[in-house]
Amino acid sequence: MREWFRDLKINQKFTIMTGVIIFIPLLLLWIIFFQNAQSNDINEEVYAVESSMTETYNTLQKTVELCNMTTEVFLNNRNLIDMLSRLSMNMDVTTEDYVVFKQNDISVLERLVNSNPYLYKARVYANNNNFPELFCITKIA
């Protein structure tokens, strides 16, 4: 190989040496740049996914909290608990009691369901076979 290089003219040697001296550092710079660009792309994607997951988690937490608060309103509604207790103990409930209960308490609960965008429907069941299922609270579309 040395003889091949010796037989070249000085301008050819200079061109080859210049090419080697320039090509090797450029190749190294290109490799480093490519690896950095690839690493930056991966880091950006990881950050985007983490941000999306954090946002989704926060939205989910807000939704769960809103549904829990709505559940607490149902569980703490004294008139609803009283009516369900009367029905579970097979006490007589008059038609007037049903109507008043529907007009006052069920209407409030319907507004609560309609104001919560994450609820479609709320059902309250009574432990009484004689009680008709009249009070299915459904979101108005």
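Our structure's up above, just so we're on the same page.
The shown structure was predicted, so the numbers you read here are calculated from the model rather than taken from an experiment.

1. A word on the overall build of the protein
Step number 1: Helix and strand counts for the protein stand at 4 helices and 2 strands.
Step number 2: For the protein, the sequential pattern of α-helices and β-strands runs α-α-α-α-β-β.
Step number 3: Rg of the C-alpha trace for the protein: 38 Å, well past the compact-globule value of 14 Å for 141 residues, more than 25% over.
Step number 4: Oriented by its inertia axes, the alpha-carbon framework of the protein measures out at about 120 × 25 × 25 Å.
Step number 5: Classification of the 141 residues of the protein by burial places 16% in the buried group.
Step number 6: At a minimum sequence separation of 6, the contacts of the protein that also span at least 24 residues come to 55%.
Step number 7: For the protein, the computed accessible surface area is about 11500 Å², with 60% contributed by carbon and sulfur atoms.
Step number 8: Taking the average place of the 12 positive charges on the side chains of the protein and the average place of its 16 negative ones, the gap between the two points comes to 11 Å.

2. What to know about the packing of helix α3 (residues 78-88) against helix α4 (residues 95-115)
Step number 1: Here α3 crosses α4 at 140°, and the two axes come no closer than 10 Å. The angle between α3 and α4 falls in the class oblique. Crossing of α3 over α4 shows left-handed handedness. Contacts between α3 and α4 involve N79, L80, M83, R86 and L87 from the former and D97, Y98, F101, D105 and L109 from the latter.
Step number 2: Its residues assigned to classes, the contact of α3 with α4 shows 6 nonpolar, 1 polar and 3 charged.

3. Focus on the pattern of salt bridges
Step number 1: Considering all chains together, one arrives at 3 salt bridges under this definition.
Step number 2: Linking R86 and D97 is a salt bridge whose minimum nitrogen-to-oxygen distance equals 2.8 Å. Remark: D97 occurs in helix α4 and R86 occurs in helix α3; sequence separation between them is 11 residues.
Step number 3: Take R86: its relative accessible area is 25%, and that puts it in the partly exposed class.
Step number 4: In this structure, K102 engages E110 in a salt bridge whose closest nitrogen and oxygen atoms are separated by 3.5 Å.

4. Looking at the nonpolar core
General note: in soluble globular proteins, nonpolar side chains tend to be found buried as a group.
Step number 1: Among the nonpolar cores identified, the biggest contains 12 residues, and these are F74, L80, M83, L87, V93, Y98, F101, I106, L109, V113, L119 and A122.
Step number 2: Of all the secondary-structure elements, those providing two or more residues to this core are α3 and α4.
Step number 3: Per-element accounting of this core gives the leading share, 5 residues, to α4.

5. What about the side chain of N116?
Step number 1: Following the sequence through the fold, N116 ends up in the loop between α4 and β1 (121-122).
Step number 2: With relative accessibility at 2%, the residue N116 sits in the buried group.

6. Considerations on the packing of aromatic side chains
Step number 1: A full pass over the atoms with the stated rule returns 1 aromatic pair.
Step number 2: Relative to F34, the ring of W30 has its centre 5.9 Å away and its plane inclined at 15°; by these criteria the two rings are stacked. In this pair, W30 and F34 are both assigned in helix α2 (residues 10-75), 4 residues apart and thus about one turn of the helix distant.
Step number 3: Among the residues examined, W30 registers a relative accessible area of 53% and is labelled exposed.

Rules behind the numbers
Residues numbered from 1 in each chain as written. Predicted model: local features only at pLDDT ≥ 70, side-chain atom pairs only at ≥ 80, totals over all residues. Heavy atoms only, no water. Helix = DSSP H or I, 4+ residues; strand = E, 2+ residues; numbered from the N terminus. Rg over C-alpha atoms; globule rule 2.2 N^0.38 Å. Buried < 20%, exposed > 50% of the residue type's maximum accessible area, 1.4 Å probe, protein only. Contact = heavy atoms within 4.5 Å. Areas by Shrake-Rupley, 256 points an atom, 1.4 Å probe, with all protein chains shown as cover. Lys, Arg positive; Asp, Glu negative; His and termini not counted. Charge placed at Lys NZ, Arg CZ, Asp CG, Glu CD. Axes fitted to C-alpha atoms, helices over the stretch in contact; angles between N-to-C directions. Parallel < 35°, antiparallel > 145°, perpendicular 65-115°, else oblique. Left-handed = near helix turned anticlockwise from the far one by under 90°. Nonpolar A, V, L, I, M, F, W, Y, C, P; charged D, E, K, R; others polar. Salt bridge = Lys/Arg side-chain N within 4 Å of Asp/Glu carboxyl O. Core = buried A, V, L, I, M, F, W, Y, C linked by side-chain atoms within 4.5 Å. Phe/Tyr/Trp six-rings, centres within 6.5 Å; stacked < 30°, edge-to-face > 60°.

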